[in-house]
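# Summary of structural features
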Amino acid sequence: KLIGKKCFEVIKENQCENCQLKKTIEEKRIISDMEIKIGERILLMNCFYTEDINGSVNGGIATFFDITPFEISKKIASKVQEELIKSIKKYRTLIETTHDFYWIMRAVDPQNVKSWKIIEVNQPKNSRSNKLFINKITKNRTYDTGWKEFESACLKVYKTGKVKSNVMTSLKDYETGEPVEFWQSEIFPYYEHGEIVGVQGLSKDITTEKKANLKLLESEKKYRKLVETVPSIFCIIKKSGKIIYVNNYIKKVTGYKPEEIIGKNLWKIFFPGNEYKPVSYTHLTLPTN
């Protein structure tokens, strides 16, 4: 049905003035991969001239390669890439503005965490670059026992693919042996092309809180030691009379061991009988002399 018809009769567009095949024949030149549009279709056109035995141009050959599906895919890919870039920018903004330390380690030798390669880290807003924990992840990972626990957690996440939360890491001063930094980490598997190739995590510097708790515990130990050695009965009771603490001196005076009366009612033990009634004290007046 097509043979014998004019080109423009098939295409149904008068393009003779700009016909590339016509120019090829008239100018005796080759045209390669020229993009043209016919209706809604996008094609690549190649034009060649033909010669008779005398070398005179007697016609031409045109090939058309339909690239419409490719162009549609390219537009979709471009849109996806645009959205991906926006997503990455949001992700980068989130990572760079967080107060936590974000890191990614790719497993080089799965059995040796020290050989794992750091491929991305951020600079947390509330941390200096000389933080021990950050330096140990990014530079040198041959450290003390507290660090081995962190490495063990990373290896477990890599092998199981399960998230590990509240991984505590304490870093000590080599000379004094005293803890100088405390970190709490959430460790996640890191994927590439659907496979686990390493681990990633968010680590929070909890040094201030931890040291405050250690000071409190130390203070409590000193307080308890003082209370346990004072030659008097020291007792803490609730308003109801329930004993919640008593020191060891109680045994010397009453014969009761502390564990025998803690949790019991002071009034019923030391003031038996119906004649006792608890008194409400609104204030206590101490003698002036």
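This text gives an overview of the structure that appears in the document. It should be emphasised that the depicted structure is a prediction, and the values quoted were computed from it without experimental measurement. The residue numbers shown here count from 1 along each chain, following its written sequence. Per-residue local features of the predicted model are confined to residues with pLDDT of at least 70, and side-chain atom pairs are confined, for both listing and counting, to 80 or more; whole-chain, interface and lining totals are unaffected and use all residues. To obtain the side-chain values, all non-hydrogen atoms of the structure were included, while hydrogens and water were left out.

### Some thoughts on helix α2 (residues 20–27)
Every α-helix carries 3.6 residues per turn, so stepping three or four residues along brings you back to the same face. Where we set the bar: Type-normalised accessible area, obtained with a 1.4 Å probe on protein chains alone, sets the label of each residue: buried when under 20%, exposed when over 50%, and partly exposed for intermediate values. Numbering goes from the N terminus for both helices and strands, where a helix is a DSSP run of H or I of at least four residues and a strand is a run of E of at least two. Starting at the helix axis, one direction is taken to each C-beta atom, and the arc is that of these directions. The contact rule is simple, with two residues in contact once any of their heavy atoms fall within 4.5 Å.
Taken together, the buried positions of α2 are occupied by Gln20, Leu21 and Thr24. The arc enclosing the buried residues of α2, seen along the axis, measures out at 105°, which places them on a common side. Looking at the packing, one finds that the buried side of α2 touches β1 (31–38), β2 (41–51) and β3 (57–66). Remark: Lys28 follows α2 within two positions and exhibits a positive phi of approximately 55°.

### Here's the deal with the sheet that holds β3
For clarity, the cut-off: When DSSP finds two or more bridges between a pair of strands, those strands are recorded as paired. Between N-to-C directions, angles cover 0 to 180 degrees, with each direction set by a line fitted to C-alpha atoms, over the stretch in contact for helices.
Pairing in this open sheet of three strands is antiparallel, and the strands run β1-β2-β3 from one edge to the other. In the strand order of this sheet, the two ends are held by β1 and β3, each with one partner. Neighbour-to-neighbour, the strand axes of this sheet turn through a mean angle of 35°, independent of strand direction. Where β1 and β2 come together, six bridges link them in antiparallel fashion. From the neighbouring strand, Met34 faces β2, where its bridge partner is Met45.

### Some points on the environment of Val163
Its location among the elements puts Val163 in the loop between α5 (145–160) and β6 (164–172). Considered as a pair, Val163 and Ala153 are ten residues apart in the sequence and their alpha carbons are 9.6 Å apart. Every residue in contact with Val163, bar those within four places of it in the chain, is listed here: Ile187, Phe188 and Pro189.

### What to know about the pattern of salt bridges
Our working definition: Only one rule defines a salt bridge in this text: a Lys or Arg side-chain nitrogen within 4 Å of an Asp or Glu carboxyl oxygen.
Enumeration over the complete set of coordinates arrives at four salt bridges. In this structure, Arg41 engages Asp66 in a salt bridge whose closest nitrogen and oxygen atoms are separated by 2.6 Å. One end of the pair, Arg41, is in strand β2; the other, Asp66, is in strand β3, with 25 residues separating them in the sequence.

### Considerations on the side chain of Gln200
Condition: Between N or O atoms, a polar contact is any pair within 3.5 Å; within protein, one atom must be a potential hydrogen donor and the other a potential acceptor, and residues adjacent in sequence are included only when both atoms are from side chains.
Tracing the sequence through the fold places Gln200 in strand β8 (residues 195–205). In this structure the side chain of Gln200 is engaged in a polar contact, spanning 3.2 Å, whose partner is the backbone oxygen of Pro189. If near-sequence neighbours (up to four positions away) are discounted, Gln200 is found in contact with Tyr102, Trp103, Ile104, Glu186, Ile187, Phe188, Pro189 and Tyr190.

### Some words on the nonpolar core
Note the threshold: What we call a nonpolar core is a set of buried Ala, Val, Leu, Ile, Met, Phe, Trp, Tyr and Cys residues that are connected through their side-chain atoms within 4.5 Å.
The biggest cluster of nonpolar side chains holds 21 residues, and the ones touching the most others in it are Trp103, Trp116, Phe133, Phe150, Cys154, Ile187 and Val199. Of all the secondary structure elements, the ones that give two or more residues to this core are β4 (101–106), α4 (132–138), α5, β6 and β7 (179–192). The leading source of residues in this core is α5, at seven residues. Residues Leu21, Ile36, Leu43 and Cys47 belong to the second largest nonpolar core, which totals six residues.

### Structural notes on the pairing of β3
Bridge count between β2 and β3: nine bridges; the pairing is antiparallel. By the bridge assignment for β3, Met45 is matched with Phe64. Between β2 and β3, which pair antiparallel one after the other, the connecting turn spans five residues, and Gly55 there sits at a positive phi close to 85°.

### A word on unusual backbone geometry
If you check the backbone angles, Lys28 has positive phi at about 55° while not being a glycine. One can find Lys28 in the loop between α2 and β1. Under the relative-accessibility criterion, Lys28 is labelled partly exposed at 41%. Despite not being glycine, His193 shows a phi value in the positive range, around 55°. Tracing the chain through its elements places His193 in the loop between β7 and β8.

### Thoughts on the sheet that holds strand β5 (residues 117–121)
Within the open sheet, the five strands sit side by side as β5-β4-β8-β7-β6. Their pairing is antiparallel. Of all the strands in the sheet, just β5 and β6 have a single pairing partner and so form its edges. Each strand axis lies, on average, 30° off the axis of its neighbour in the sheet, ignoring direction. Taken together, the ten bridges between β7 and β8 define a ladder with antiparallel strand orientation. Bridge pairing in β8 places Glu192 opposite Glu195.

### Structural notes on the environment of Lys37
Summarising the element assignment, Lys37 is placed in strand β1. Between the C-alpha atoms of Lys37 and Thr68, which are 31 residues apart in sequence, the distance is 9.4 Å.

### A closer look at the environment of Asn247
Here Asn247 shows up in the loop between β10 (243–246) and α7 (249–254). With 13 residues separating them in the primary sequence, Asn247 and Phe234 have C-alpha atoms 5.6 Å apart.

### Here we look at the packing of aromatic side chains
Put simply, the rule reads: Put simply, two rings from Phe, Tyr or Trp (the six-membered ring, in Trp's case) pair if the centres are within 6.5 Å, and we call them stacked under 30 degrees between planes, edge-to-face over 60, tilted for the rest.
Applying the stated criterion across every chain yields a total of three aromatic pairs. Look at Trp103 and Phe150: their rings are 5.6 Å apart centre to centre, the planes differ by 65°, and that puts the pair in the edge-to-face class. One end of the pair, Trp103, is in strand β4; the other, Phe150, is in helix α5, and 47 residues separate them in sequence. Relative accessible area serves as the criterion here: at 0%, Trp103 is assigned to the buried category.

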